[in-house]
Amino acid sequence: MKVLLFGLNFNECSSRRENRFATVASIFSAIRKDQSFAIGYDVNDFLDNSSDKAVWLYTQNLAIQLKPKEAQQSVVAPLSSYQMIWETFANQSESERDIFLHDVFPSGFLWGTSTGSFNVEGGWAEDGKGESIWDRFGHEGHVHMKQTADVACDSYHKIEYDTYLLRGLQPNIYKFSISWPRIFHNGSKDSLNPQGVDYYNKLIDTLLDSNIEPMVTLFHWDLPQALQDLGGWQNESIINAFVDYASFCFATFGDRVKFWITFHEPWVISYAGYGTGQHPPGIADPGEASYQVAHVILKAHARAWHVYDIHYRPKQHGKVGIVLNSDWAEPKSPGSPDDVRAAELYLQFMLGWFAHPIFVNGDYPDILKSQIKQKNQECSTPIAKLPMFSDDEKLLLNGTADFFGLSHYTSRYISASINHSCTPSYENIGDFSQHVDPSWPQTPAPWLYVVPWGLRRLLRFVSQEYTGSRLPIYIAGNGAPTDDGGDLINDTTRLDYYRLYINEALKAIKLDAIDVQSYIARSLIDGFEGSSGYSQKFGLHHVNFENANRQRTPKESAYLFSTVIENNGFPSNVTRKFIQPLKKDVSMSTKLPSLPASDVPSKAKVVWEKFSTQTNFERDMYFYGTFPEGFLWGVSTSAYQTEGAWDADGKGPSIWDNFTHIPGNINNNDTGDIACDSYNKVDEDLYLLRALRVNTYRFSLSWPRIFPNGRINSINRQGVDYYNRLIDGLLARNITPMVTLYHWDMPQALQDIGGWENPILIELFDNFADFCFQTFGDRVKFWVTFNEPIAISWLGYDLGTFPPNMKDDPGYTVYKITHTILKAHARVYHTYDQKYRQSQKGVISLSLNIDWVEPKTPNDPRDVETADRYLQFMAGWFAHPIFKNGDYPEAMKWKVGNRSELQKLPSSRLPVFTEEEREYIRGTADVFCLNYYTSKIITHKTTRLKPYSYENDQERELKTDLSWPTSALDGMRAVPWGLRRLLNWIKEEYGNPPIYITENGVGIKTKSDVDDTSRIFYYKTHIDEALKAYNLDGVNLRGFVAWSFMDNFEWLSGYDPRFGLHQVDFDNPNRPRTPKRSAIYFAEIIHQNGLPQPKEEEFLYGKFPENFYWSVASAAYQIEGAWRADGKGLSIWDQFAHTPLKISNDENGDIACDSYHKMEADLAILKELKVTHYRFSISWPRILPDGTTQHINEAGLKYYERLVDALLAANIQPQVTMYHWDLPQALQNTGGWENETIIQTFKDYAELLFQRLGEKEFLPDQAVPLT
């Protein structure tokens, strides 16, 4: 009877648990007993629930053996996994094969990127790290252009920098390796290097702090050289060393690391390190050493897995696996059985060599063993020696992985070898030859061709051959390099590589039901790529290896990958995401109170009374602390300065477009036509904002981008879409948009009708604001009507340096413009208040630029009044009507009115509000927004009456202190303490409203300022002053927004001054952004919510042990004086100090403190100090004038005897230094310490002291440290 088994299932079968092979065998034995035999079977259900797919292979062979001999001859051997996979795809057309699948990955899919320790860390011999084989290999000149990994990307010193990039990329996991010689410098556990452990602890903690899961590789090729000197992976004793190292890592980091990889791509170690010798240790022995090394690595892997499984898994609950690299292999001639078999051999020699022992049955694949055996038989002498595993070793190996880590980069066409050479080589042993399709795109790596569809086929093979539904597959390495000769940032040529390879993984999951759970891109940053050095760039971020700072810049591929991660694949339609409610609540429960008009000077003069008497030490003392929970941290930009796209997608021209297009108006004739190109780089900007950790982003809306002609009848939907995309992107990252409605870029069409001189602008601006509230207000909760309106009025209509360049009517128009702006602001505020506040629950204000001024003579009331008047003209001009009584400050009204009268004008040049207008303007702000950059020193000055001028109206003179740090802009020196005082002034003047610093920063004039330590100091000191204002002075500070997010167009100065936390390369049309050191620093301040005291600076309270010595010290030459008194000889310091120009101010120790004559006074001070000991030195030439005992100066000796006696009588123990640098000049004349006879001379001198003073019971101190 012929039996066809359609299903083979086991339910509650105890024998299956005991011996799966026996269970299957018994089925076929029963069939055979009844003179029947099986002609087919399907055991998929059984295998899917089995932990050992070797059953499948076993039953295949058993079924054939059970058939009658005559039947066996006609039965075709079953297809192997490779043959099944290849035949599945063999008939695909190119269009079917290459179709792009629009879908998303499963929920919880792990996205990541990777590095290897020797590729990126640098610090090759720092802090106790031992030498690795790659260090030695590079130093011996075996790498491209003799490059080394000594510094590499300097990641050893740049944990925060790399994590910054990772936050921008937003992966779930970061795969990195631990450097074995950094942990155990000679490879053994008795050579522990605590500083290396600290580095990885910090890295792991920093990753977790940024919600990034570490995936840690124990061995990524950088073997300690000390172990290589003992034979490396050819010496089986290394297994124990590796297990010790692995166990230490599990014990030390395993509480936080849940994904472990024992070996990264061991095929490369065996093949390139011991087969071809292209990698260290440079051994070319493909027939024996290569196989021996693989054998040892497999056993080391298995041992490490069992250590984790037994000792650490129960508590740590992590996973341990291995990452195997493999190409996909296609038969060169599909119709050739030999080529099909050769392709399968290629896969088994690359992947099965390691995967089969671990994932199938603990042993090498039969096809590999038989091929080597056959090849050795064909040749006169064996050309390959494949070690054998014992039965115990097979049991140890089998099943030692919790996941299958796969690295895949490319594919090959494979043909059967023709010449059958007996020269040992990888291809000759396998009897196959490799080929590529000329149509496959090539990369700068000569071995890597772009063949995306190979990944899907390889994944299906891995699933069918090794994992099934039992284990997940993690794609742990995939990527392609660019070379160092092209565009290093705009790597568009490889965007398709990532898109298409990731899409093939998606097909494997969605179409083939393969359990792929991770995709990890190689690599986070460009690095040292082994033998290729730095010539191949695999990084998602470019590293400038020519710069000592190793600055990193996101490439286009980083932005692409980040978008794929954000979308979790390739959805068919990317719709606006559901936005979570804001975590930062900026709404106000009550309106600010009404305040009376300010006095002249205002009561805020108490700020000068409080602070102006501070010493510099008190003023600059550093303060540690944090800001309140919910504090807003952000960065700022404006539309014209960053967006570019000046006439794209329907945008209308602004006054700044027209102004910059006139040659000579801007430094270098720069324009904002492209600027930072933010209009086309939303993803890039969001990437860096996420990395920066800000919770707010302040930007402005371009009025002419939304209303090209400035009016509501010209809505430009593409402009609206841009801002919707930006706002949605911010909210998706939990970043609060802080939106400025007007940052100086008036639509030119409205300027043509008079601009802010035309009162109709009030209504038109309100229409624009109303539209913005209606369109964006459901998501925008923080509105700023005008940014620095003083620049509009004063610079645009008085000085005329800013567009619209009106300077025909100075001293008049400037006040009229502000009058209109204030009414426009109030109109917009009321529109929001009446129509939108209840539903949108936001706040609205305007941002005022205010400098602090310090009276030149703080105790001169006139200078104090002048300082207060200056602030009223600069800040109160806008703030007093809004935050106080709806009118201008009295100081301003009186001064402009008085001067107008002296100028014989019929009325004041300062316009007057009606009572209705005052009531309408009063209270039209929910918070106080401040832009602060610098401070000045002020004094009163009687200014001329004509020409009329806003500046002259203030009757003041401004100066700066030349000791204050300069910046790129004249008159904008860094004065951090001015910020604290200004915040206090606002508190006193306006009733301590909620204050947001909406701009603060410093410009640096340089082509590149990535290593911007001066900016770090600027922010550190300014934020600290803000912290003092909040914590010490009770200022109601709610947020700090840095200017600026990135370098941009800085108005009249063009692109010369750089204010950004991110550098923008304006010479590159792609406008790449590079994080500066200040960005990393600012991100850390945000994370800490201020400047908490470092643990190492925390004050420790406690007591010293009983009988602890408390002492003070002096030295003879420094205090005694009496340089020639009572027979004292000359010392070398006497001679030196009397030589002109040797000592500052030609001073000397002839008298010094005159302690030789003031013993009693010194003793009184010591008693007052209550010291237990006094350390002083004896002047050698005072006791022995010529340095020798031939002439003893008793007067000198008696001086020290009296001093010792007096100290002991006061219960103060002497601590005597015999030599504190004042050698007798007589001894120096005979060579001093260069003459060895001085040793006996010093001994004689010491013995004299011991004889005369030693019986007085003190502690001699023969040396003094150089301080």
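None of these values were measured; they are calculated from a predicted model. (Residues numbered from 1 in each chain as written. Predicted model: local features only at pLDDT ≥ 70, side-chain atom pairs only at ≥ 80, totals over all residues. Heavy atoms only, no water.)

Quick word on the packing of aromatic side chains
In total, this model carries 137 aromatic pairs according to the counting rule given. Between Trp744 and Trp1051, the ring centres sit 4.7 Å apart and the planes meet at 40°, which makes this aromatic pair tilted. Residue Trp744 is located in the loop between strand E23 (736-742) and helix H31 (748-751), and its partner Trp1051 is located in the loop between strand E32 (1037-1043) and strand E33 (1057-1058); the two are separated by 307 residues in the primary sequence. For the pair shown, Trp744 and Trp1051 are each scored as buried. (Phe/Tyr/Trp six-rings, centres within 6.5 Å; stacked < 30°, edge-to-face > 60°. Helix = DSSP H or I, 4+ residues; strand = E, 2+ residues; numbered from the N terminus. Buried < 20%, exposed > 50% of the residue type's maximum accessible area, 1.4 Å probe, protein only.)

Considering the pairing of strand E13 (residues 473-478)
Among the 6 residues of E13, 6 are classified as buried, and the element is accordingly described as predominantly covered. Of the pairings in the sheet, the one linking E13 to strand E15 (residues 516-522) comprises 4 bridges and is parallel in character. Paired with Ile473 across the strands is Val516, a residue of E15. (Pairing = 2+ DSSP bridges.)

Focus: unusual backbone geometry
Residue Pro280 is joined to Pro281 through a cis peptide bond whose omega torsion reads 10°. The step from Arg522 to Ser523 runs through a cis peptide bond, and the omega angle for that step is 0°. Along the polypeptide, Ser523 turns up in the loop between E15 and strand E16 (536-537). Even without being glycine, Trp744 reaches a positive phi, approximately 85°.

Digging into empty space enclosed by the protein
Gaps left between atoms show up when a probe the size of a water molecule is rolled over them. Applying the stated criterion across every chain yields a total of 11 cavities of 30 Å³ or more. If you add up the space inside the largest cavity, you get close to 110 Å³. Taken together, 14 residues make up the lining of the largest cavity; nearest its centre are Ile1119, Asp1162, Tyr1174, Tyr1199 and Leu1203. Residues belonging to the lining of the largest cavity are distributed by class as follows: 9 nonpolar, 3 polar and 2 charged. (1 Å grid on protein atoms, 1.4 Å probe; cavity = no way out; pocket = protein on both sides within 12 Å on 5 of 7 lines; lining within 4 Å. Points joined across faces, edges and corners; volume = space filled by probe spheres on them. Nonpolar A, V, L, I, M, F, W, Y, C, P; charged D, E, K, R; others polar.)

What about the sheet that holds strand E7 (residues 259-264)?
Strands belonging to one sheet form pairs held by backbone hydrogen bonds; the direction of such a pair is parallel or antiparallel. Read around the closed barrel, 8 strands run E4-E5-E6-E7-E8-E10-E13-E15, paired in parallel fashion. For this sheet, the mean angle separating the axes of adjacent strands, direction not counted, is 25°. Relative to strand E8 (residues 319-325), E7 runs parallel, the two being bridged by 4 bridges. When the sheet's bridge partners are listed, Trp260 is paired in E8 with Val320. Strands in contact with helix H14 (residues 238-253) are strand E6 (213-219) and E7; relative to E6, the strand with the most contacts, it is inclined by about 165°. (Axes fitted to C-alpha atoms, helices over the stretch in contact; angles between N-to-C directions. Contact = heavy atoms within 4.5 Å.)

Brief notes about the side chain of Lys884
Positionally, Lys884 belongs in helix H36 (residues 861-885). A relative accessible area of 8% means that Lys884 is categorised as buried. Side-chain polar atoms of Lys884 contact the side chain of Ser598, separated by 2.9 Å. For Lys884, the side chain forms a polar contact with the main-chain oxygen of Glu989, separated by 3.0 Å. (Polar contact = N/O pair within 3.5 Å; in protein donor to acceptor, adjacent residues only side chain to side chain.)

Examining the state of the cysteines
Covalent bonding between the sulfur atoms of two cysteines is what defines a disulfide. Under the definition given, this model contains 1 disulfide. Among the cysteines around Cys772, which has no disulfide bond, Cys929 carries the closest sulfur, lying 17 Å off. (Disulfide = S-S within 2.5 Å.)

Observations regarding a nonpolar patch on the surface
Residues Phe1104, Phe1108 and Trp1110 make up a contiguous nonpolar surface patch of roughly 330 Å² in combined accessible area. By the secondary structure assignment, Phe1108 is in the loop between strand E36 (1090-1091) and strand E37 (1111-1113). For Phe1108, a relative accessible area of 33% gives the class partly exposed. (Patch = residues over 30% accessible without salt bridge, like charges linked within 9 Å, V, L, I, M, F, W, Y side chains within 5 Å. Areas by Shrake-Rupley, 256 points an atom, 1.4 Å probe, with all protein chains shown as cover. Salt bridge = Lys/Arg side-chain N within 4 Å of Asp/Glu carboxyl O.)

Considerations on the pattern of salt bridges
Opposite charge on two side chains permits them to pair, given that their charged atoms come into close proximity. Counted by the stated rule, this structure contains 69 salt bridges. The salt bridge partner of Asp363 is Lys394, with a shortest N-O separation of 3.5 Å. Of this pair, Asp363 sits in the loop between helix H17 (337-361) and helix H18 (366-378) while Lys394 sits in helix H19 (residues 391-397); the two residues are 31 residues apart in sequence, bridging distant segments of the chain. By relative accessible area, Asp363 is classed as buried at 8%. When its relative accessible area of 23% is taken as the criterion, Lys394 is described as partly exposed. For Arg1077, the salt bridge identified is with Asp1011, shortest N-O distance 2.7 Å. Taken together, the positions of Arg1077 in helix H42 (residues 1077-1088) and Asp1011 in the loop between strand E31 (1004-1005) and helix H41 (1013-1031) put the pair 66 residues apart, joining distant regions of the chain. Overall, the relative accessible area of 36% leaves Arg1077 in the partly exposed class. Linked through salt bridges whose partners overlap, the residues forming this network are Asp1009, Asp1012, Arg1015, Asp1047, Arg1058 and Lys1076.

Quick look at the sheet that holds E32
Read once around its circumference, the closed barrel built from 8 strands follows the order E21-E22-E23-E24-E25-E27-E30-E32, with strand pairing classed as parallel. Across the sheet, the axes of successive neighbouring strands diverge by a mean angle of 25°, strand direction being ignored. Bridging between strand E24 (residues 782-787) and strand E25 (residues 843-849) involves 4 bridges; their strand directions are parallel. Bridged to Asn787 within E25 is Ser847.

Focus: the environment of Gly1127
Here Gly1127 shows up in the loop between helix H43 (1116-1119) and helix H44 (1132-1137). Residue Gly1127 is classed as partly exposed on the basis of its relative accessible area of 41%. Along the primary structure Gly1127 and Phe768 are separated by 359 residues, whereas in three dimensions their C-alpha atoms are 95 Å apart. Other than its neighbours up to four places away in sequence, Gly1127 contacts Pro1185 and Asn1193.

Points about helix H30 (residues 717-732)
The end-to-end C-alpha separation of H30 is 22 Å, in line with the 22 Å expected for 16 residues at 1.5 Å each. For H30, every residue scored as buried is listed here: Gly719, Val720, Tyr722, Tyr723, Asn724, Leu726, Ile727, Asp728, Gly729, Leu730 and Leu731. The secondary structure elements touched by the buried residues of H30 are helix H26 (639-642), helix H28 (682-692), strand E22 (696-700), helix H29 (703-706), E23 and helix H32 (760-776). Downstream of H30 by a residue or two, Asn734 has a phi angle that is positive, lying close to 55°. (Expected span 1.5 Å × (residues − 1).)

Remember that the coordinates give geometry; whether it matters functionally is a separate question.
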